[in-house]
Amino acid sequence: HHGHAHRGLTADLILRRLSATAEEEATVLRELLGLEPIPDTAGAEDDEHGLRGPAATVDGVLGFVIQPNDLASRDPAPNNAQAIDKYPIEIDIWLGRAEVVQMKEARLVFDRLVEARPDVAMLLCHDLDLVVAAYRPGRGLHEFPAGTTIDAPDADQWSDWVEG
């Protein structure tokens with residue numbers, strides 16, 4: 001079981017190129033975004049760290065799970081490469097509202113993180129399927145055309161933005 005299938009909801013994901021542990025990253029996010037820990041729930045993996053806080057654009061609660069990106073291939077064959085492979089830390093975000101609202105909320109978090117840590121490469125994905133935006137230190141922010149997937153056939157769209 002992997003966190004992004006959480007309660008059958010579609011998640012938006014922020015992936016970060018950090019050497020920090022998921023626990024350390026959870027602490028950083030907690031302070032930066034003013035979040036509170038979600039009490040341990042049965043079935044949570046040891047290294048899944050749940051946080052929650054108020055949404056920015058609607059009256060609602062935004063839930064976060066910070067965990068190691070265990071879906072990444074360390075050394076994939078070119079035709080199996082995915083945009084997410086080079087980001088060790090995964091942040092899953094849920095609102096439980098309309099997907100368009102959740103995507104907007106995730107984008108606001110993404111922008112806050114870029115602002116707070118301009119030295120960290122990041123990727124914003126929707127439902128572990130589409131790449132929405134990427135940030136590379138020294139190059140800035142890039143928004144992908146709607147419908148760009150994380151998979152190898154779309155690598156010409158994202159490869160320049162995810163290289164380490």
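All values derive from a computational prediction rather than experimental measurement.

Draft legend 1. Representation of the overall build of the chain within the structure. When its secondary structure is counted, the chain shows 3 helices and 8 strands. Beginning at the N terminus, the succession of helices and strands in the chain can be written as β-α-β-β-β-β-α-β-β-β-α. Taking 164 residues into account, the globule formula puts the C-alpha radius of gyration at 15 Å, and the chain, at 15 Å, falls close to it. Considering only residue pairs separated by 6 or more positions, the chain has 57% of its internal contacts joining residues 24 or more positions apart.

Draft legend 2. Highlighting the packing of aromatic side chains. One pass over the full model with this rule turns up 0 aromatic pairs. Note that Arg17 overlies the ring of Tyr87, its terminal NZ or CZ placed 4.6 Å from the centroid. The ring of Trp161 is capped by Arg139, whose NZ or CZ atom sits 4.2 Å from the centre of that ring.

Draft legend 3. Structural context of the sheet that holds strand E7 (residues 130–136). On the basis of which strands lie adjacent, the open sheet formed by 8 strands has the order E2-E3-E4-E5-E1-E6-E7-E8 and antiparallel pairing. One side of each edge strand has no neighbouring strand; the edge strands of this open sheet are strand E2 (36–37) and strand E8 (140–143). Bridge count between strand E6 (residues 122–126) and E7: 5 bridges; the pairing is antiparallel. When the sheet's bridge partners are listed, Met122 is paired in E7 with Tyr135.

Draft legend 4. Highlighting helix H3 (residues 155–162). Those residues of H3 that fall on the buried side of the exposure criterion are Ala155, Trp158, Trp161 and Val162. Seen along its axis, H3 keeps its buried residues to an arc of 145°; they face one direction. Contacts made by the buried residues of H3 are with E6, E7 and E8.

Draft legend 5. Looking closely at the pairing of E7. With 5 of 7 residues buried, E7 is to be regarded as a mostly interior element. The antiparallel pairing of E6 with E7 creates a hairpin that spans 3 residues between the two strands, and Asp127 there sits at a positive phi of about 60°. Here E7 pairs with E8 via 4 bridges, running antiparallel. Within the sheet, the bridge partner assigned to Ala134 lies in E8 and is His142. If you look at the hairpin formed by E7 and E8, you'll find 3 residues sitting between the two strands, and Gly138 has a positive phi there, around 85°.

Draft legend 6. Structural view of the packing of helix H1 (residues 22–33) against helix H2 (residues 99–116). Their axes nearest at 12 Å, the elements H1 and H2 cross at an angle of 100°. As the angle between them shows, H1 and H2 are arranged roughly perpendicular. Judged by residue contacts, Leu29, Leu32 and Leu33 of H1 engage Val109, Arg112, Leu113 and Ala116 from H2. In terms of residue class, the contact of H1 with H2 is made up of 6 nonpolar, no polar and 1 charged.

Draft legend 7. The arrangement of the environment of Gln67 in detail. Turning to its location among the elements, Gln67 is positioned in strand E4 (residues 61–68). Residue Gln67 is classed as buried on the basis of its relative accessible area of 2%. Here the alpha-carbon distance between Gln67 and Asp47, two residues 20 residues apart in the chain, equals 5.8 Å.

Draft legend 8. View of a negative patch on the surface. A cluster of acidic residues, Glu23, Glu24, Asp46 and Asp47, forms a negative patch at the surface. When its relative accessible area of 51% is taken as the criterion, Glu23 is described as exposed.

Scoring rules and cut-offs
- Residues numbered from 1 in each chain as written.
- Predicted model: local features only at pLDDT ≥ 70, side-chain atom pairs only at ≥ 80, totals over all residues.
- Heavy atoms only, no water.
- Helix = DSSP H or I, 4+ residues; strand = E, 2+ residues; numbered from the N terminus.
- Rg over C-alpha atoms; globule rule 2.2 N^0.38 Å.
- Contact = heavy atoms within 4.5 Å.
- Phe/Tyr/Trp six-rings, centres within 6.5 Å; stacked < 30°, edge-to-face > 60°.
- Lys NZ or Arg CZ within 6 Å of the ring centre and 35° of its normal.
- Pairing = 2+ DSSP bridges.
- Buried < 20%, exposed > 50% of the residue type's maximum accessible area, 1.4 Å probe, protein only.
- Arc of directions from axis to C-beta.
- Axes fitted to C-alpha atoms, helices over the stretch in contact; angles between N-to-C directions.
- Parallel < 35°, antiparallel > 145°, perpendicular 65-115°, else oblique.
- Nonpolar A, V, L, I, M, F, W, Y, C, P; charged D, E, K, R; others polar.
- Patch = residues over 30% accessible without salt bridge, like charges linked within 9 Å, V, L, I, M, F, W, Y side chains within 5 Å.
- Areas by Shrake-Rupley, 256 points an atom, 1.4 Å probe, with all protein chains shown as cover.
- Salt bridge = Lys/Arg side-chain N within 4 Å of Asp/Glu carboxyl O.
- Lys, Arg positive; Asp, Glu negative; His and termini not counted.
- Charge placed at Lys NZ, Arg CZ, Asp CG, Glu CD.

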